Amino acid sequence: MDEVIQVTQWLSSITPRKKAKLFFFTTHADAPSPMVGSNDVDTHEETQLPLATTVALHNFKNIDEFLKKKVNTFSCYNVIENEITKTDYEYLRFYSACKYLDVVPPFLDLEKISAIQNKFEMTDEERDYRLLLDSADLVLEKVCDSLKPAGVSQMWTALRKDRNLIRGVKTIDIIGFFVDPNPTGIKECLFFFIVRFLQKADKINRVNTNRLERLIAQCDESSSCEEGKTIDFIIDSLRFYPTELYPFGFCLIMCVIEGRDGAMQEIEKTMEISRHLGMITHTEKNPTKETIELVKKELMKPKYQFYSSFTCWFMSHGDSNSMVLADGETLEREWFLTSFPDISTFQLKPKVFFMVSCRGANKFSLKGDEFEGQSATCDYYDIGSALIRNRMLDITDSVRDISYVQPMMDTLVAYSTILDHLSGRANTHGSIYVDRACVLMSENISRGRSLTEILEHLSQHLHEILQETMDEDRIVYKQACHYDSFFRKTLKLPYTRHPKEDVHSAPQ
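Under an unreviewed UniProt entry, the name given to the protein is Caspase, and the source organism is Penaeus japonicus.

Listed below in structure tokens is the structure:
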């Protein structure tokens, strides 16, 4: 059959709503870099004009033409073995979006997809199409699905009132002030236009969604929300780190085995909980400074930009400032914690570090009257919220910026013990902290708990356990864990255990 006829038949089989979503997923806002052709980003016309004309004319002709052009480009594309190009990235995104929406063209060359995945050095696990979907776009899709056409129309009206933001933007004028979003697929096109416009204007990204939340907050709840949804529910969904679908993220497990009884148990437990959470996992036993540098170099490869989060377990002996490696060398803890979050592939994504080692030799010993002490009381002042708000600064958009991000942002560091203190372990099971952390995370899958809630529960749980030193003094003591957070959103555990789905992978 002629390819033109095939493409036409394929497009005619897709509903308007799915066409709008396919366009949205395909025109992803944050293409990975560095890569060949990465400077040739999607132009204003490519990403916004088709949406604007579709909303204005209630006609999907321009979106159809865009999708035809993509298919033709992929059809003529020759996969170059060594270089990763912009088209490689677009091809994978297009395929994953089609797979997600169940509209894969029957004529799409899946062998090319496999060849592109080879260029990205993807493992069998990483060839699951869900890895290629952008989790932030999936969250935005759910927000759109939660709004009625009237709600998106109200968002548009609120956006149009911000004259400083829309001044001189031709696509805004194409749509006009008053919009009828009721025809099938038009609501989606208008919502996705608003999102892409705010992204291109550097007003929102995968972490900073305040500007979008403010538009939604101006909607009338009774007319704008789908059944069972509320404005608060929709806005709350934007306040979590986007980690939709499989995998939940990439997990790096580094464990020093030499001289640490139960270390293999630690590895087994952390690997098991990581897989239950739907993470793709890599383990480094007895890491050295050289292997750590190699791991950092590996994590800079383009394929890691497809992951939505990063978790690292580092288990070793240590003191107040450093960790002891397998070869006896020491690694400054502060250097480790500041160098990994700065890796560009995980920028604007949650990064969690579990640092499991002693940070000194002190012990919170259970002796005599040490626990006795005076309690302190606090005075509370009843200050009305309206009075407080009246005295607060009015922070305008002109003094807000989301372009520059301090490297430690979106990072959480969980320590197995407090500074200058021991981190306890059992002879056969390894770190007690690791054991309890894995148990609590496993128990809270599907309960909608955030990571910080679980860490707070872990702190309580661990501090109840009586431990004993392994030396001749046999001192009974308690251990206190804590965490430092630079998170800007909440990181929730997935609701279900995510198995790998081979049936959705491209052919090997």
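Student: How do you make sense of the overall build of the protein when you look at a structure like this?
Tutor: The secondary structure content of the protein amounts to 21 helices and 14 strands. Within the protein, the fraction of its 508 residues that count as buried is 50%. In the protein, 79% of the contacts between residues at least 6 apart in sequence involve partners at least 24 apart. Element-wise, carbon and sulfur atoms account for 49% of the exposed surface of the protein, whose accessible area totals about 24400 Å².

Student: Where do I start with the packing of helix α2 (residues 16-26) against helix α12 (residues 186-200) in this structure?
Tutor: Any two packed helices are characterised by the angle at which their axes cross and by the distance between the axes. With their axes 9 Å apart at the nearest point, α2 and α12 run at an angle of 15° to one another. If you check the angle between α2 and α12, you find them roughly parallel. Between α2 and α12 the crossing geometry is right-handed. When α2 is examined against α12, the residues R17, A20, K21 and F24 are found in contact with a partner set consisting of E188, C189, F192, V195 and R196.

Student: Explain the packing of aromatic side chains here, please?
Tutor: For any pair of aromatic rings, the description rests on two quantities: the centre-to-centre distance and the angle between the ring planes. Taken as a whole and judged by the stated rule, the model has 28 aromatic pairs. With a centroid separation of 5.9 Å and an interplanar angle of 70°, the aromatic rings of F191 and F192 are classed as edge-to-face. Both residues of the pair, F191 and F192, belong to the buried class. Ring geometry for F250 against F310: centres 6.4 Å apart, planes inclined by 10°, an arrangement best described as stacked. You can see F250 sitting in strand β1 (residues 249-255) and its partner F310 sitting in strand β3 (residues 310-315), a full 60 residues away along the chain. Take F310: its relative accessible area is 2%, and that puts it in the buried class. Grouped by ring-pair contacts, the aromatic residues F250, Y304, Y307, F310, F314, F336, F340, F346 and F353 constitute a single cluster. Sitting above the plane of the Y415 ring, R359 keeps its charged end 4.1 Å from the centroid.

Student: What's the story with the nonpolar core in this structure? I'm lost.
Tutor: Side chains of nonpolar character tend, in soluble globular proteins, to be buried together. Among the nonpolar cores identified, the biggest contains 101 residues, and W10, F191, F336 and F340 are the most heavily contacted of them. Here this core gets 10 residues from one element, more than from any other, and that element is α12. When residues of this core are assigned to domains, at least three fall in each of domain 1 (3-28 + 44-239) and domain 2 (249-364 + 406-486). Setting aside residues up to four positions removed in sequence, F191 forms contacts with L140, V143, C144, L147, V152 and M155. In terms of nonpolar packing, the next biggest core, distinct from the first, is built from 37 residues, L277, L412, L451 and L493 among them.

Student: Quick question: what am I supposed to make of a negative patch on the surface here?
Tutor: A cluster of like negative charges, contributed by D220, E221, D232 and D236, occupies part of the molecular surface. Relative to the assigned elements, D232 resides in helix α15 (residues 231-237).

Student: I'm lost on empty space enclosed by the protein in this one. Help?
Tutor: Left-over empty space is what a probe sized like a water molecule reveals as it rolls over the atoms. Evaluated as defined, the whole model comprises 5 cavities of 30 Å³ or more. Within this model, the largest cavity holds a volume of roughly 140 Å³. The wall of the largest cavity is formed by 17 residues, among which A136, L140, N205, R206 and T209 lie closest to the centre. Here the lining of the largest cavity gets 4 residues from one element, more than from any other, and that element is helix α8 (residues 135-146). Of the volumes computed, that of the second largest cavity is approximately 120 Å³. Around the second largest cavity, the lining is made up of 16 residues, and of these F248, L277, M279, T311 and L451 lie nearest the centre. Those elements that place two or more of their residues in the lining of the second largest cavity are α16 (263-276), β3 and β7 (351-356). Considering every element that reaches the lining of the second largest cavity, the biggest residue donor is β3, with 3 residues. Looking at side-chain class alone, the lining of the second largest cavity contains 13 nonpolar, 3 polar and no charged residues.

Student: Sorry, what's going on with α12 here?
Tutor: One turn of the α-helix equals 3.6 residues, which is why residues spaced by three or four share an orientation. Across its 15 residues, α12 extends 21 Å between first and last C-alpha, which sits within 8% of the 21 Å expected from 1.5 Å per residue. A positive backbone phi angle near 60° is found at D202, which sits one or two residues after α12.

Student: I'm lost on the sheet that holds strand β4 (residues 317-318) in this one. Help?
Tutor: Remark on secondary structure: sheet strands pair via backbone hydrogen bonds, oriented parallel or antiparallel. Strand order across the open sheet formed by 3 strands is β4-β5-β6, with antiparallel pairing between neighbours. Among the strands making up the open sheet, the edge pair consists of β4 and β6 (330-332).

Student: Explain the sheet that holds strand β9 (residues 411-415) here, please?
Tutor: Spatially, β2-β1-β3-β7-β9-β14 is the arrangement adopted by the 6 strands of the open sheet, whose pairing is mixed. The open sheet has two free edges, formed respectively by β2 (279-285) and β14 (482-485), since each of these has just one partner strand. Going from strand to strand, the sheet's axes swing by 15° on average, the running direction of each strand aside. Contacts from α16 reach β1, β2 and β3, with the element oriented near 165° to β2. Packed onto the sheet, helix α20 (residues 432-444) meets β3, β7 and β9 and runs at close to 150° relative to β3.

Student: Quick question: what am I supposed to make of the UniProt feature "domain: Caspase family p10" (unreviewed entry) in the protein here?
Tutor: Within this structure's numbering, the places UniProt gives as "domain: Caspase family p10" (unreviewed entry) are residues 410-443. With 35% helix and 26% strand, residues 410-443 has its two end C-alpha atoms placed 25 Å apart.

Student: Help me understand helix α9 (residues 149-160), please; the structure alone is not making it clear to me.
Tutor: For α9, with 12 residues, the first-to-last C-alpha span of 17 Å sits near the 16 Å given by 1.5 Å per residue. Residues of α9 that are buried include every one of G151, V152, S153, M155, W156, A158, L159 and R160, and no others. Check the buried side of α9 and you find it contacts α10 (163-166), α11 (170-175), α12, α13 (210-217) and α14 (221-224).

Student: Before we go on, may I ask you to explain unusual backbone geometry in this structure?
Tutor: Negative phi is the rule for most residues except glycine; trans is the rule for most peptide bonds. Positive phi, normally seen in glycine, also occurs at H58, with a value near 55°. The phi torsion at E121 lies on the positive side, around 60°, for a residue other than glycine.

Conventions used here
Once a new chain begins, its residue numbering starts again from 1 and follows that chain's sequence as written. Local features in a predicted model are, by the rule used here, given only for residues with pLDDT of at least 70; side-chain atom pairs are given and counted only at 80 or more, and totals for whole chains, interfaces and linings are based on all residues. As a rule here, side-chain values come from all non-hydrogen atoms in the structure, and water together with hydrogens is ignored. Working definition: helices are DSSP H or I runs of at least four residues, strands are E runs of at least two. Numbering for both runs from the N terminus. Residue exposure (1.4 Å probe, protein chains only): buried if accessible area is under 20% of the type maximum, exposed if over 50%, otherwise partly exposed. Should any heavy atoms of two residues lie within 4.5 Å, those residues are counted as being in contact. Only the protein chains shown count as covering a residue, and every accessible area follows the Shrake-Rupley method with a 1.4 Å probe. Only the stretch in contact is used when fitting a helix axis, every axis being a line fitted to C-alpha atoms; angles between N-to-C directions are given from 0 to 180 degrees. Each angle receives one of four descriptions, namely roughly parallel if under 35 degrees, roughly antiparallel if over 145, roughly perpendicular if within 65 to 115, and oblique otherwise. The sense of a crossing depends on the near helix, which, turned anticlockwise from the far helix by less than a right angle, makes the crossing left-handed and, turned clockwise, makes it right-handed. Note on ring pairs: Phe, Tyr and Trp rings are taken, using the six-membered ring of Trp, and paired if centres are within 6.5 Å. Classes follow the plane angle, with under 30 degrees stacked, over 60 edge-to-face and the rest tilted. By definition, being over a ring means that NZ of Lys or CZ of Arg is both within 6 Å of the ring centre and within 35 degrees of the ring normal. What makes a nonpolar core is a set of buried Ala, Val, Leu, Ile, Met, Phe, Trp, Tyr and Cys residues whose side-chain atoms join them at distances within 4.5 Å. Each domain's extent was defined by an automatic or database domain assignment. Surface patches are defined over residues having more than 30% relative accessible area and no salt bridge, joining like charges when they lie within 9 Å and nonpolar side chains (Val, Leu, Ile, Met, Phe, Trp, Tyr) when within 5 Å. A side-chain nitrogen of Lys or Arg and a carboxyl oxygen of Asp or Glu constitute a salt bridge if their distance falls within 4 Å. In this count, Lys and Arg are taken as positive residues and Asp and Glu as negative ones, while His and the chain termini are left out. Charge positions are represented by NZ for Lys, CZ for Arg, CG for Asp and CD for Glu. We place a 1 Å grid over just the protein atoms. Points where a 1.4 Å probe fits but has no way out form a cavity, open points with protein on both sides within 12 Å along at least 5 of 7 lines form a pocket, and any residue with an atom within 4 Å of a point lines it. Grid points are joined across faces, edges and corners, and a volume is the space filled by probe spheres set on the points. Three classes are used: nonpolar for Ala, Val, Leu, Ile, Met, Phe, Trp, Tyr, Cys and Pro, charged for Asp, Glu, Lys and Arg, and polar for all others, with Gly counted as polar. One less than the number of residues in a helix, times 1.5 Å, gives the span that helix is expected to have. By the convention used here, strands pair only if DSSP detects at least 2 bridges between them. UniProt positions are given in the numbering used here, feature names are shortened, and annotations may be inferred rather than shown by experiment.

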